[in-house]
Amino acid sequence: MAELRPSGAPGPTAPPAPGPAAPPAFASLFPPGLHAIYGECRRLYPDQPNPLQVTAIVKYWFTGTDGPSGFGFELTFRLKRETGESAPPTWPAELMQGLARYVFQSENTFCSGDHVSWHSPLDNSESRIQHMLLTEDPQMQPVQTPFGVVTFLQIVGVCTEELHSAQQWNGQGILELLRTVPVAGGPWLITDMRRGETIFEIDPHLQQERVDKGIETDGSNLSGVSAKCAWDDLSRPPEDDEDSRSICIGTQPRRLSGKDTEQIRETLRRGLEINSKPVLPPINPQRQNGLTHDRAP
């Protein structure tokens, strides 16, 4: 099993040799907010005092390494080691950076039980693991830092069918099922990118006895979805074969009635009004306190 810590800061360095005092810039290489995070990692992995570090050019630390960010969590990921693999791959760090970028740019936070529809193999292979669930890390405990409490959210890779079940029921329920199937995660929820079967193919009774019953009893806790939509004027002839207007049923596109057009316009208007506010309230304590943190330009 390989666990990649959140990327974004150089690893610990050896004490400087005796001589002139180190310049102030040296202290910034190890921000105070990282001490507690690294301490929790060393508690869990005492045999890894200086683990592999993967650093991005633009760094996203949810908890704020040199000041409060307002998010208060970091991401973890447990990946099954491939046969013959001697070092962990770096793609999980890139994946976490992508999720961190979304949080910083949207100012929406992640919670245990959330799902992420990725629609692509997490490692850019042919894997069926193409989406993610998020849960509290089963081993890393919340820690206190100079800027507040840090919790750890673990990414768990899932198949499309498992994602759909989480949407129709809830993420925590599917996570509990993954824990009961060793090859699909087990107690530590280890992601196996080579897993070729869903938990429902491994144990068909899970769908009917657990998921369907859970949906009937609990319903779904899905509060909203994000989507992209586009439209075009099919009454104009296509400009070339690549034009979306070249794909239509029949020789003439169906004309919308005035009533249909008005209903569509009103529905879009209401949707835009609803979506003008974020689904989750932005977390911006740094603006209230006049503080800033490291984020994308």
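Before reading on, note that the structure itself is shown above.
Predicted model, so just to flag it, every value in this text is computed and none were measured.

*Asks:* Is there a simple way to explain the environment of Ser117 in this structure?
*Replies:* If you trace the backbone, Ser117 turns up in the loop between strand 3 (115-116) and strand 4 (131-136). The class for Ser117 is partly exposed, based on a relative accessible area of 32%. Sequence separation of Ser117 and Leu133 is 16 residues, and the distance between their C-alpha atoms is 8.8 Å. Apart from residues lying up to four places away in sequence, Ser117 is in contact with His131, Leu163 and Gln167.

*Asks:* It is not clear to me how the environment of Met132 should be interpreted in this structure. Could you clarify?
*Replies:* Looking at where Met132 falls in the secondary structure, it is placed in strand 4. By relative accessible area, Met132 is classed as buried at 0%. The spacing of Met132 and Glu162 is 30 residues in sequence and 9.6 Å in space, taken between C-alpha atoms. Residues contacting Met132, with those up to four places away along its chain left out, are Leu95, Leu99, Asp114, His115, Val116, Trp118, Leu122, Ile155, Val156 and Val158.

*Asks:* Is there a simple way to explain helix 3 (residues 91-106) in this structure?
*Replies:* The α-helix advances 3.6 residues per turn, and as a result positions three or four apart in sequence lie on the same side. A rise of 1.5 Å per residue sets the reference length of helix 3, with its 16 residues, at 22 Å; its end C-alpha atoms lie 23 Å apart and thus fit the reference within 8%. Every buried residue of helix 3 is listed here: Trp91, Pro92, Ala93, Leu95, Met96, Gln97, Gly98, Leu99, Ala100, Val103 and Phe104. Residues of helix 3 that are buried make contact with strand 2 (73-79), strand 3, strand 4 and strand 6 (148-158). One or two steps after helix 3, the chain reaches Glu107, where phi turns positive at roughly 65°.

*Asks:* What is the right way to look at unusual backbone geometry in this model?
*Replies:* The phi angle of most residues is negative, glycine excepted, and most peptide bonds adopt the trans form. For His119, which is not glycine, the phi torsion reads 60° and is therefore positive. Considering the arrangement of structural elements, one finds His119 in the loop between strand 3 and strand 4.

*Asks:* Explanation requested: the packing of aromatic side chains in the structure shown.
*Replies:* Think of a pair of aromatic rings as described by two things: how far the centres are apart, and how the planes are tilted against each other in angle. In this structure the tally under the stated criterion is 4 aromatic pairs. A ring pair is formed by Tyr102 and Phe110, whose centres lie 5.9 Å apart and whose planes are at 25°; its orientation type is stacked. On the accessibility criterion, Tyr102 (40% relative accessible area) is partly exposed. Site record: aromatic cluster; members linked through ring pairs are Phe73, Tyr102 and Phe110.

*Asks:* Honestly, the pattern of salt bridges in this entry has me stumped. Any pointers?
*Replies:* Two side chains carrying opposite charge are able to pair once their charged atoms lie near each other. Throughout the structure, instances matching the rule amount to 10 salt bridges. Taking the shortest distance from any N to any O, the salt bridge between Arg78 and Asp137 comes out at 2.7 Å. Residue Arg78 is found in strand 2, and its partner Asp137 is found in the loop between strand 4 and strand 5 (143-145); the two are separated by 59 residues along the sequence. For the pair Arg78 and Asp137, a shared accessibility class is recorded, and that class is buried. With a shortest N-O distance of 3.7 Å, Lys80 and Asp192 are connected by a salt bridge.

*Asks:* I would appreciate a short explanation of the pairing of strand 6 in the present structure.
*Replies:* Regular strands have side chains that alternate between both faces of the sheet. The buried fraction of strand 6 is high, at 8 of 11 residues. Alignment of strand 2 against strand 6, held across 5 bridges, turns out to be parallel. Each residue of the ladder has a partner; that of Phe77, found in strand 6, is Ile155. Pairing geometry for strand 4 and strand 6, over 6 bridges, is antiparallel. Paired with Thr135 across the two strands is Gln154, which belongs to strand 6.

*Asks:* How do you make sense of the pairing of strand 2 when you look at a structure like this?
*Replies:* Most of strand 2 is tucked away: 7 of the 7 residues are buried. Residues Phe73, Leu75, Phe77 and Leu79 of strand 2 are buried on one face, and the alternating residues Glu74, Thr76 and Arg78, pointing to the opposite face, are buried as well.

*Asks:* What is the right way to look at helix 4 (residues 160-168) in this model?
*Replies:* Buried within helix 4 are the following residues: Glu162, Leu163, Ser165, Ala166 and Gln167. Contacts from the buried residues of helix 4 go to strand 3, strand 4, strand 6, helix 5 (171-180), helix 6 (199-202) and helix 7 (205-218).

*Asks:* Can you help me understand the nonpolar core in this one?
*Replies:* One recurring pattern in soluble globular proteins is that nonpolar side chains are buried together. Leu75, Trp91, Leu99, Phe110, Leu122, Met132 and Ile155 are the most contacted members of the largest nonpolar core, which has 21 residues in total. Here this core gets 6 residues from one element, more than from any other, and that element is helix 3. Among the nonpolar cores identified, the runner-up in size contains 17 residues, and Val156, Leu175, Leu177 and Val181 belong to it.

Thresholds applied
One numbering rule holds for all chains: residues counted from 1, following each sequence as written. Per-residue local features of the predicted model are confined to residues with pLDDT of at least 70, and side-chain atom pairs are confined, for both listing and counting, to 80 or more; whole-chain, interface and lining totals are unaffected and use all residues. Hydrogens and waters are ignored; side-chain quantities use all the structure's heavy atoms. Strands are runs of DSSP state E lasting at least 2 residues, helices are runs of H or I lasting at least 4, and numbering of each runs from the N terminus. A simple rule labels every residue: compare its accessible area, found with a 1.4 Å probe on the protein chains alone, to the largest value its type can have, and call it buried under 20%, exposed over 50%, or partly exposed in between. Residue contacts are counted whenever heavy atoms from the two residues lie within 4.5 Å of one another. Multiplying one less than the number of residues by 1.5 Å gives the expected span of a helix. Whether two aromatic rings pair depends on their centres lying within 6.5 Å, for rings of Phe, Tyr and Trp, where Trp uses its six-membered ring; planes under 30 degrees apart make the pair stacked, over 60 edge-to-face, and the rest tilted. The term salt bridge refers to a side-chain nitrogen of Lys or Arg lying within 4 Å of a carboxyl oxygen of Asp or Glu. DSSP-based pairing: two strands are paired if at least 2 bridges between them are found. Here, nonpolar core means buried Ala, Val, Leu, Ile, Met, Phe, Trp, Tyr and Cys residues that are tied together by side-chain atoms lying within 4.5 Å of each other.

Just distances and angles here, no functional claims.
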